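Read off the chains here:
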Amino acid sequence: MQSADVGDPSKANKAVKKSVKKERRKEKISNKGDSSKSQQQQSVQQFDGAVAPKSKAELRAERRAKQEAERAAKTLKKEEQAKSNKAKGPQVSANLQVDDPKVQKKAAKKLEKQQVPQRTEGHKKVTLFSHLHQYERSVSITKDIGFGSTGIHPAIIKLGLQYAEGIITGSNARCAALMNAVCHLIADYETPPQKELARHLESKLKPAISFLNQCRPLSVSMGSAIKYMKIKITKIPSDMSDDKAKQELISDLQAFVHVNITLAKQAISNSACSKISDGDVVMIYGSSSLIIHVLNAAFKTGRNFRVVVVDGRPKLSGIRALRHLCRAGIKCSYVLISAVSYIMPEVTKVFLGAHGLLSNGYVMGSVGTSLVSMAAKARGVPVIVCCEAYKFCERVQTDSFVNNEIGDPRDLLATDGSSSGPLIKEDAYKNLDSLKVLYLTYDVTPPQYMAMVVTELGMLPCTSVPVVLRVRSFDT
């Protein structure tokens, strides 16, 4: 029988299969035993950990490792964001993307969230400047503004309307009026319960600034003042009382106006007076409070000179400067900007004010400043710019097209300076589709047309703006 079983191949295969199955069962049983042992060891370790807690050094090491991991994750996230921003290109303000409906939709939602009315655009737009706001004066901007706790402060509303109507003009005057209005807002402010003054006050300032920007685009001087204001608000200690914090804020804002406008004006006039000699014929353009102060100070020192006031439409602000100088007893002549090239041979020096100095050395001033500077450069007449250091700006600009303020076109059509009335009636202008009027408020002048810039820090070239900005950043 045994020999027969061995000779049968089918029975031999069955025996081999049975032996393989037995070995697999043994392996499974052994694996289960090993896993149960490992589980027991883990439970024992956990039990031992519960009974014997970790040392303080081990806990500190774990915390440090966790903090380092979080820091590394943050730095990686920042680097990724920076790379994505570089890939997207430079960020452009919504005020320079008026022709992009997506950007304007976001800006409209932001204004609606802040309960700030949006100013309506003009009916006739110049296509070349379609990326900028082209407003027309309207009385409906304050129609839906509330005066309750959620509304904008009355001092801010009054200031915005004065900006829009041209009652307050000039960089220094606009900045000083802004600080005065914000001081009223801070004095009337009350911190809600369970709120911090620093965070909640900044949320109150945002809609106020947005409203002022809707009334008229912010000037460079106002931008510097707002930046200083926000820095002071964020530095308020959390343990300081609200009354004391408000008093210190108001005193800081008043000190900003006193230092950067009043004292700077005196320092600039002391330096600029040395550039005026007996027999000089000084040309100025428009009306700058700083230039008027410099000429009055030079005249009081006994210098004998004459002033040529150059003016241009539509504001004709040079008339105001002419009145101030004539009252002081200074000999003056008055010409329009179209006669600059004819009167320039008589001029020995040109003094100009500035709306702001850009980081690349370009001077931003009232429209017409560039024309006067180029005419003076052609005749070899030195051009001296007087400007406070807080008007120095980090922005870079080489033309007047990318960024500018578009004034109301009806100002150019209002009157031609004679008794014949307006150049064209408003109804006729609206019905005449072929006529579009453009009124630029500012222009930029390259630094090669300027001899120097007189500031409270001294007499500097236009190209030293980045150095002054770096020094002022350390001071703040």
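Everything discussed here concerns the structure shown above.
Residues numbered from 1 in each chain as written. Predicted model: local features only at pLDDT ≥ 70, side-chain atom pairs only at ≥ 80, totals over all residues. Heavy atoms only, no water.

1. Points about helix 10 (residues 289-300)
Item 1. Taking 1.5 Å per residue, 12 residues should reach 16 Å; helix 10 reaches 17 Å between its end C-alpha atoms and fits that length.
Item 2. Where helix 10 is concerned, the buried positions are Leu290, Ile291, Ile292, Val294, Leu295, Asn296 and Ala298.
Item 3. Contacts made by the buried residues of helix 10 are with helix 9 (242-272), strand 1 (281-285), strand 2 (306-311), helix 11 (318-328), strand 4 (349-352) and strand 7 (383-386).
Item 4. Looking one or two residues past helix 10, Gly302 carries a phi angle of roughly 100 degrees, positive in sign. (Helix = DSSP H or I, 4+ residues; strand = E, 2+ residues; numbered from the N terminus. Expected span 1.5 Å × (residues − 1). Buried < 20%, exposed > 50% of the residue type's maximum accessible area, 1.4 Å probe, protein only. Contact = heavy atoms within 4.5 Å.)

2. Observations regarding the pattern of salt bridges
Item 1. Under the criterion given, the structure shown has 7 salt bridges.
Item 2. In this structure, the salt-bridge partner of Asp411 is Lys315, at a minimum N-O distance of 3.6 Å. One end of the pair, Asp411, is in helix 14 (residues 410-413); the other, Lys315, is in the loop between strand 2 and helix 11, and 96 residues separate them in sequence.
Item 3. What makes Asp411 buried here is its relative accessible area of 13%.
Item 4. Here Asp408 ties to Arg410 by a salt bridge, and the two come within 3.1 Å at their closest N and O atoms. (Salt bridge = Lys/Arg side-chain N within 4 Å of Asp/Glu carboxyl O.)

3. Details of helix 5 (residues 154-165)
Item 1. With 12 residues, helix 5 should cover 16 Å at 1.5 Å per step; its first-to-last C-alpha distance of 17 Å lies within 8% of that length.
Item 2. Against the buried residues of helix 5 lie helix 6 (171-188), helix 7 (197-215) and helix 8 (220-234).
Item 3. Residue Gly166 follows helix 5 closely and has a positive phi angle near 75 degrees.

4. Things to note about the sheet that holds strand 8 (residues 442-445)
Item 1. What the 3 strands build is an open sheet, ordered 5-6-8; its pairing is antiparallel. In this open sheet, the two strands that pair with only one neighbour each are strand 5 (356-357) and strand 8.
Item 2. As defined by bridge partners, strand 6 (residues 363-366) adjoins strand 8 across 4 bridges and the pair is classed as antiparallel. Paired with Val363 across the two strands is Thr445, which belongs to strand 8.
Item 3. This element, helix 13 (residues 369-379), spans strand 6 and strand 8 of the sheet and lies at about 30 degrees to strand 8. (Pairing = 2+ DSSP bridges. Axes fitted to C-alpha atoms, helices over the stretch in contact; angles between N-to-C directions.)

5. Examining the environment of Leu178
Item 1. Checked against the element boundaries, Leu178 lands in helix 6.
Item 2. Classification of Leu178 as buried rests on a relative accessible area of 1%.
Item 3. The residues contacting Leu178, other than those within four sequence positions of it, are Leu159, Tyr163, Leu212, Met222, Ala225 and Ile226.

6. A word on the pairing of strand 7
Item 1. Residues of strand 7 alternate between two faces, with Val383 and Val385 on one and Ile384 and Cys386 on the opposite face, all of them buried.
Item 2. Where strand 4 meets strand 7, 3 bridges bridge the pair, whose relative direction is parallel. Of the residues in strand 7, the one forming a bridge with Phe351 is Ile384.
Item 3. Pairing analysis gives 3 bridges linking strand 7 to strand 9 (residues 452-455), with the strands arranged parallel. Bridge pairing in strand 9 links Val385 to Val453.

7. Section: the side chain of Thr455
Item 1. If you trace the backbone, Thr455 turns up in strand 9.
Item 2. For Thr455, the side chain forms a polar contact with the main-chain nitrogen of Leu457, separated by 3.1 Å.
Item 3. Setting aside anything within four residues of it in sequence, one finds Thr455 in contact with Ile268, Cys387, Phe392 and Leu460. (Polar contact = N/O pair within 3.5 Å; in protein donor to acceptor, adjacent residues only side chain to side chain.)

8. Some points on the sheet that holds strand 2
Item 1. Spatial strand order, 3-2-1-4-7-9-10: 7 strands in an open sheet with mixed pairing. Looking at the sheet topology across the chains shown, the edges are occupied by strand 3 (331-336) and strand 10 (458-460). In this sheet, neighbouring strand axes are inclined to one another by 25 degrees on average, regardless of whether the strands run parallel or antiparallel.
Item 2. The strands touched by helix 9 within the sheet are strand 4, strand 7, strand 9 and strand 10, with strand 9 carrying the most contacts at an inclination of about 135 degrees.
Item 3. Lying on the sheet, helix 13 is in contact with strand 1, strand 4 and strand 7; it crosses strand 4 at an angle near 160 degrees.

9. Structural notes on the packing of aromatic side chains
Item 1. All told, the structure shown has 4 aromatic pairs when counted by the stated rule.
Item 2. With a centroid separation of 5.5 Å and an interplanar angle of 20 degrees, the aromatic rings of Phe129 and Phe401 are classed as stacked. One end of the pair, Phe129, is in the loop between helix 4 (101-113) and helix 5; the other, Phe401, is in the loop between strand 7 and helix 14, and 272 residues separate them in sequence.
Item 3. Taking the relative accessible area as the measure of exposure, Phe129 reaches 2% and is therefore buried.
Item 4. An aromatic cluster is built from Tyr228, Phe256 and Tyr390, whose rings are joined through pairwise contacts. (Phe/Tyr/Trp six-rings, centres within 6.5 Å; stacked < 30°, edge-to-face > 60°.)

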